[in-house]
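Residue-level structure breakdown
The chain contents come next:
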Amino acid sequence: MSITNSTPPPFRISVAPTTSNSSSSPSLGTVRFHGRVGATSGEWYGVEWDDPARGKHSGVHHESGQKYFDVRLRDSATFIRPTLKTLSIGTSFPSALRDKYSRSTSSGQTTAHPHSHSKLKLEMTDLSLIEKNLEDWTKLREVGLEWASVNGEGTELELEEVKLPNVHTLNLSYNLLPSLASVSTIASRLPALRTLILNGNRFVLLALADAAAAAPPPPFLPGFRSLTTLHLNSTLVEWPTDGEKKDGERLFAGMDMRDARLLVIARISSLRVLEGTAITKQEREDAERFYLHEAEKVAEGSREDKFPRWRTLAEKYGRLPPRTVATDKTVGGKEDVAGVSSQMSPAELKNVVVIGLGLGGTNAIEAIEKTLPASHRIVVITENEFAYFPLASIRAATVPGWEEKILGDPKTLFAKSSRHVVLARTKVVELRLRSVIVDTVHSFIGFTEELCFDYLVYATGSIYNFPFRPCEHTKSRDEILKLLRSFQSQLKAANSILVVGGGASGVEFAGEIAAEYKGSKKVTLAHTAKLPLITGGWKADVTKKVKKQLLELGVVVEANALVDTKGLHTGPVENQRFDLGNGRSAQADFLILAHGLKPRNELIKAFHSEVLDVEGFVNVKPTLQVATKDGSLNHWFAVGDINNADPTKQAVWADLHGPVVAANITSLIARRPASKTYTSGTRLGVFALGPKGGAAQIYFGVTGGKWLATMIKSKKLFTDEFEHNWGKQ
């Protein structure tokens, strides 16, 4: 969320104390009106103050007698000028976090204080100048940002740097947070969070829509799922004791306060304490039965959307018949290799769960689908509503029109008649030995929060800078298209681009930009070795061809360069000169970081960290089974970038992981040992330098230049094959 001076009411503000009273806390309020008042000149804010003692009226102008807005507490409002120097609309959560827990920036700039005395505007921190101390952040157990003027979760790019894996307590009391949905987004970045303190905030209501309501209720707040303690003191959300009535804000509009408390308890299954009061076993049962009662007032077709825990609780309390077939269609008709009849309903099928829909996961799925007996089905779980094709992502971020070519629709991965399913926009929040816990219930196919499996394929891939990989928090197709088009526009506006990293990604990006803009931009490639690609073990003939073509395209190739990129991000930067560490420097107003690939290992690390190697990749056997001393995870496989079978992380070899896994799963189902093994191959690669250039190193050590690279890769970047894989419906 981003608040600006053009944001319509309501929104939250703080007003800093005067100099003579600087030790006092700022005054917090909600702007409920913006415009002209009576016969006065200029514009005004109508503010409802959290502290009613600061107020003078209830939204009525004293001279004209006209009412401009409503308030929740009588005589808690005043009119103030938007130009008041001590007024602030606050800062984002990541910015406030950096303010308190990170070191100063290397350039000497500092983050704006949340209680800035500037005129009303959004104070944004230049992320490229922030020195992130992520190592220290990972050690944090408690984060306290009381009175920090936090006004929301911030932008997608800001959230990218929030890495707080061990924080169990977060205090966001007395801030400018607009809604519980915003808080949920923040909380979702803290996987270990158990205690959330939100005292002194003012939130938009969670309106509970019934069957007759025109507007649907808000979605479930996934960031609250693992909470055990929630504090909402002084928020105007109040929970009465038995027989007591209070005039507080209702968290759920149109409901008795006792009922509202019950719904909060029922919605958050892990909650143990609410407002300092322990939740008893009986109160939880009462809450869950009440939740079911409210859910059953809603038509079954939309019940799951409005009450996400309905099916889980209905099964718990015997309000559903035993789960039956999700569709009357059956599959197959032959006996499978294990001797089990394939004339089975979906509810009877055994699951092969695949987590991730990158290249490794997709190739594994394609291979498994061909050999999997009819007793089993593939269940694909992906956080995104799109598949992302990294082999063409550089061109998609550079050349308008290409952004559509690198996105696949998960719904088309399998044919409509297939027994296999894809659960898009679904996140695995926990791994268990024989099941996964997800954040979204798919009741229409008989799934609950816990999905059991016979076999698991872990294909979570790697974390890499955008656009080589999609942004971590960009989950929808529209969002990723917007980001890619924004990147194209920013690149077009730039004059001087510095690409840091002389591996395949850096080389191809420098070549792509230079080929697209044909000398109209200065492109500098900084790499640590004498020649680009040389540290990757490629033949000298290939590295020389690459350098020669880059120079022909006008790229300045800086060898033996070591650029300090700590705290920097890919994207526009203030026009500055970068020290290359080789006695030279480069001027740039756009920076591309083409290094720093890391494994996406959070889930498996939390479950069984001993299976990771020193770099964080998953140790696998030659059979690509996850390696443990006791063999307890022989039914788990890891494919693609996440495993340590291929130090080179080349797509050409990741393609071969799938057939190995497929053969071994089939063997295990038939009660035979997994015997098919994988051996990493020699260096094979094609480096595209624009659509008509590049160099290649193929089988038997054969190398080639522009013609060979263009014929194999450069012209289409394998997008025709990608499109074919995603067109099965």
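Residues numbered from 1 in each chain as written. Predicted model: local features only at pLDDT ≥ 70, side-chain atom pairs only at ≥ 80, totals over all residues. Heavy atoms only, no water.

1. Brief notes about the pairing of strand β4 (residues 77–80)
Side-chain direction in a regular strand flips from residue to residue, so the side chains alternate between the two faces of the sheet. Convention followed: When accessible area is computed with a 1.4 Å probe and restricted to protein chains, residues below 20% of their type maximum are described as buried, those above 50% as exposed, and intermediate ones as partly exposed. For helices the rule is a DSSP run of H or I covering at least 4 residues; for strands it is a run of E covering at least 2, with both sets numbered from the N terminus onward. Pairing between strands requires that DSSP locate at least two bridges from one strand to the other.
Every second residue of β4 is oriented toward a common face, with Ala77 and Phe79 on one face and Thr78 and Ile80 on the other, all of them buried. Pairing analysis gives four bridges linking strand β3 (residues 44–49) to β4, with the strands arranged antiparallel. Bridge pairing in β4 links glutamate 48 to alanine 77.

2. Observations concerning the sheet that holds strand β29 (residues 685–688)
Strand pairing in a sheet relies on backbone hydrogen bonds, with the paired strands running either antiparallel or parallel. The test is simple: Note on contacts: a residue pair qualifies if any of its non-hydrogen atoms lie within 4.5 Å across the two residues. The angle between two axes is taken between their N-to-C directions and runs from 0 to 180 degrees, where each axis is a line fitted to C-alpha atoms and a helix contributes only its stretch in contact.
The three strands lie next to each other as β29-β30-β31, forming an open sheet whose pairing is antiparallel. Only two strands of the sheet have a single neighbouring strand rather than two, namely β29 and β31 (703–704). Bridge count for strand β30 (residues 694–697) against β31 is two bridges, and the pairing is antiparallel. Each bridged residue has a counterpart across the sheet, and for glutamine 697 the counterpart in β31 is threonine 703. Strands β29, β30 and β31 of the sheet are contacted by helix α17 (residues 706–714), whose axis makes an angle of about 95° with β29.

3. Some thoughts on helix α11 (residues 477–493)
Just so we agree on the cut-off: Residue count minus one, scaled by 1.5 Å, sets the expected span of a helix. In this context, the arc is that of the directions from the helix axis out to the C-beta atoms.
Look at α11: 25 Å from first C-alpha to last across 17 residues, which is about the 24 Å you get at 1.5 Å a residue. Buried residues of α11: Ile480, Leu481, Leu484, Phe487, Gln488 and Leu491, and no others. For α11, the angular spread of buried residues about the axis comes to 125°, placing them on one side. Exposed residues pointing more than 90 degrees away from the buried face of α11 are listed as Asp478, Lys482 and Ala493. In this structure, the buried side of α11 is in contact with β14 (387–388), α10 (393–396), β15 (407–408), β22 (496–500), α12 (504–517) and β26 (585–593).

4. A word on the packing of α11 against α12
Applicable threshold: Just so you know how the angles are binned, under 35 degrees is roughly parallel, over 145 roughly antiparallel, 65 to 115 roughly perpendicular, and the rest oblique. In this scheme, a crossing is called left-handed if the near helix is turned counterclockwise away from the far one by less than a right angle; it is called right-handed if the turn is clockwise. Ten residue types, Ala, Val, Leu, Ile, Met, Phe, Trp, Tyr, Cys and Pro, are classed as nonpolar, four, Asp, Glu, Lys and Arg, as charged, and the remainder, Gly among them, as polar.
For the pair α11 and α12, interaxial distance at closest approach is 12 Å and the crossing angle is 70°. Comparing their axes, α12 and α11 come out roughly perpendicular. Crossing handedness for the pair α11 and α12: right-handed. Of the residues in α12, those in contact with Phe487, Gln488, Leu491 and Lys492 of α11 are Phe509, Ile513 and Tyr517. Looking at the contact of α11 with α12, its residues break down into five nonpolar, one polar and one charged.

5. Focus: unusual backbone geometry
A cis amide bond links phenylalanine 466 to the next residue, proline 467, at an omega of 10°. Relative to the assigned elements, proline 467 resides in the loop between β21 (462–463) and α11. Phi at lysine 518 takes a positive value of approximately 45°, unusual for a residue other than glycine. In this structure, leucine 717 takes a positive phi of about 55° despite not being glycine.

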